[in-house]
Amino acid sequence: KKVLLTGIKPTGIPHLGNYFGAIKPALTMVSDDSYDARLFIADYHSINTIRDPKILKQYVYEVAATWLSCGLDPEKVLLYRQSSVPETLELNTILNAFTAKGLMNRAHAYKAAVDKNREKDKPEDHGINMGLYTYPILMAADILLFDANVVPVGKDQVQHVEMACDIAQAINHNYKSELLTIPSYVIDENTKTIVGMDGRKMSKSYGNAIELFLPEKKLKKTINKIVTNSQEIEEVKDPETCNVFALYKLFATKEQQDKLAKTYRAGGMGWGHAKGELFEVVNAELKPIRDKYYDLMDNKDYIDEVLKKGEAKAREIAAQKILKLRKAIGID
Ligand code: TYM
């Protein structure tokens with residue numbers, strides 16, 4: 001069986017971008033048991049920004065409960081915390097030695113942070129920690145440790161998976177053996193970049209995210225705040241350039257989409273109507289998983305149990321891999 005692996009960084013309750021970009025595609029791919037699936041919570045990646053231990057713990061539970069409420073079956077799928085597999089850090093050290101500094105200079109997230117500093121006339125490395133700079137190496141360790149073949153992600157993570165390939169190839173080349181499995185990313189054209197409330201990529205750091213598990217009233221309020229243009233009710237509207245419709249498409253059936261598109265084009269439809277329709281389809285899909293989510297968050301002992309089992313199994317796999325690597329490198 002091929003290995004499927006993907007992770008989520010616990011930096012807050014996951015949002016619709018995480019759901020459509022990674023969670024749903026990953027769970028759909030593993031639902032017919034055709035992959036050995038490893039899904040995890042990337043908590044070491046979080047400490048680049050989350051510095052309060054209580055908050056971090058809460059976020060870890062939130063991501064675990066998200067995976068479980070969205071349908072991850074822990075009897076079939078390995079669910080674990082990155083930090084409970086210290087072998088990741090051993091591999092990270094090995095990968096460091098084979099990663100060109102220039103490769104990290106080209107990483108989008110690092111470059112964006114540098115650009116932001118330049119814009120504000122600050123020194124270019126202002127506020128940038130080594131965790132951010134070497135982020136792609138730790139992510140490569142996550143992927144390569146488990147011999148992942150496929151990594152379902154949103155578009156913003158594609159470069160990181162490509163970097164994992166580059167680093168793995170450098171190692172395989174040096175030791176003249178297929179020590180590390182070269183992974184491929186999987187992205188879905190329709191969901192690779194989910195737009196947020198303001199039409200930019202949905203992201204926690206842009207403050208434009210719609211959280212997955214907002215209580216019903218808050219969800220409605222949030223949807224009502226989605227930015228639209230200032231067209232009057234009677235004007236004809238274009239569904240193809242509208243944030244509300246972009247989100248609607250993710251949840252609605254083809255018939256529902258055609259019907260709402262017609263209403264847009266007929267004129268006489270206010271934004272309040274479109275947002276009301278959006279709320280209905282979002283709520284219909286999210287209500288059952290939201291209920292499960294809150295039940296799980298009330299049952300942290302169960303989550304602990306699942307993660308503990310995951311840890312044991314993940315470490316077993318990881319330990320074998322590290323042993324093999326140590327031998328190949330000459331440090332066994
Ligand atoms: P994170 O936690 O930022 O996001 C989790 C997943 O959600 C996807 N995503 C989106 N997809 C479409 N549209 C959006 N607006 C959107 N926003 C987020 C992300 O692409 C991602 O797939 N570095 C990773 C976590 C990680 C990881 C890994 C992933 C650590 N190690 C190894 C895969 C393999 C991250 O920060 O994702």
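For the structure itself, consult the block above.
What counts and what doesn't
- Residues numbered from 1 in each chain as written.
- Predicted model: local features only at pLDDT ≥ 70, side-chain atom pairs only at ≥ 80, totals over all residues.
- Helix = DSSP H or I, 4+ residues; strand = E, 2+ residues; numbered from the N terminus.
- Rg over C-alpha atoms; globule rule 2.2 N^0.38 Å.
- Buried ≥ 20, exposed ≤ 12 C-beta atoms within 10 Å, placed from the backbone.
- Contact = placed C-beta atoms within 7 Å.
- Pairing = 2+ DSSP bridges.
- Near = placed C-beta within 6 Å.
- Nonpolar A, V, L, I, M, F, W, Y, C, P; charged D, E, K, R; others polar.
- Expected span 1.5 Å × (residues − 1).
- Core = buried A, V, L, I, M, F, W, Y, C linked by C-beta atoms within 7 Å.
- Axes fitted to C-alpha atoms, helices over the stretch in contact; angles between N-to-C directions.
- Left-handed = near helix turned anticlockwise from the far one by under 90°.

Q: So what exactly am I meant to see when it comes to the overall build of the protein chain here?
A: If you tally the helices and strands in the protein chain, you get 14 helices and 5 strands. Against the globule reference of 20 Å for 332 residues, the protein chain gives a C-alpha radius of gyration of 21 Å, in line with a compact fold. Structurally, the protein chain occupies a C-alpha span of about 75 × 50 × 35 Å along its principal axes. Within the span of the protein chain, comprising 332 residues, buried residues form 37% of the whole. A fraction of 76% describes how many contacts in the protein chain between residues 6 or more apart in sequence connect residues 24 or more apart.

Q: How should unusual backbone geometry be read in this particular structure?
A: With phi around 50 degrees, D147 is a residue other than glycine that occupies positive phi space. Along the chain, D147 turns up in the loop between α8 (135-145) and β4 (150-152). At K176, a residue that is not glycine, the phi angle is positive and equals roughly 50 degrees. Structurally, the position occupied by K176 is in the loop between α9 (158-175) and β5 (184-186). According to the C-beta neighbour criterion, K176 is exposed, with 8 such atoms within 10 Å.

Q: Mind showing me how you'd approach the pairing of strand β3 (residues 78-81) here?
A: Two faces, one strand: in a regular strand the side chains alternate between the faces of the sheet. With burial as the criterion, each face of β3 is covered, one bearing L78 and Y80 and the other bearing L79 and R81. Across 4 bridges, strand β2 (residues 35-41) lies against β3 in parallel orientation. When the bridges of β3 are listed, F40 appears paired with Y80.

Q: Would you explain the site of the ligand in this entry?
A: Inspection of the region around the ligand gives 25 residues, with K9, G17, G21, A22 and G154 positioned closest. Residue assignment for the shell around the ligand shows that the elements contributing at least two residues are β1 (2-8), α1 (16-30) and α8. For the shell around the ligand, the class distribution of residues is 10 nonpolar, 10 polar and 5 charged.

Q: Can you help me understand helix α12 (residues 254-266) in this one?
A: A turn of α-helix holds 3.6 residues, and therefore any two residues three or four places apart point the same way. If you check α12, its first and last C-alpha atoms are 18 Å apart, about what 13 residues at 1.5 Å a residue would give, namely 18 Å. With 1 of 13 residues buried, α12 lies mostly on the surface of the structure. Note on α12: the residue one or two positions beyond its end, G267, has a positive phi of about 80 degrees.

Q: Is there a simple way to think about the nonpolar core in this case?
A: Considering soluble globular proteins, one finds that nonpolar side chains tend to be buried as a cluster. By size, the foremost hydrophobic cluster in this structure holds 86 residues, and its most contacted members are A64, L79, A140, I143, L144 and A164. Considering each element in turn, this core owes the most residues, 9 residues, to α8. The residues contacting L79, other than those within four sequence positions of it, are L39, F40, A64, W67, L72, P74, V306, L307 and G310.

Q: In this structure, what is going on with the packing of helix α4 (residues 87-98) against α8? I would like to understand it.
A: Two packed helices can be described by the angle between their axes and the distance between those axes. Interhelical geometry of α4 versus α8 gives an angle of 120 degrees and a closest axis separation of 8 Å. For α4 against α8, the interelement crossing comes out right-handed. For the pair α4 and α8, contact is made by E87, T88, L91, N92, L95 and N96 and by I137, L138, A140, A141, D142, L144 and L145, respectively. Its residues assigned to classes, the contact of α4 with α8 comprises 8 nonpolar, 3 polar and 2 charged.

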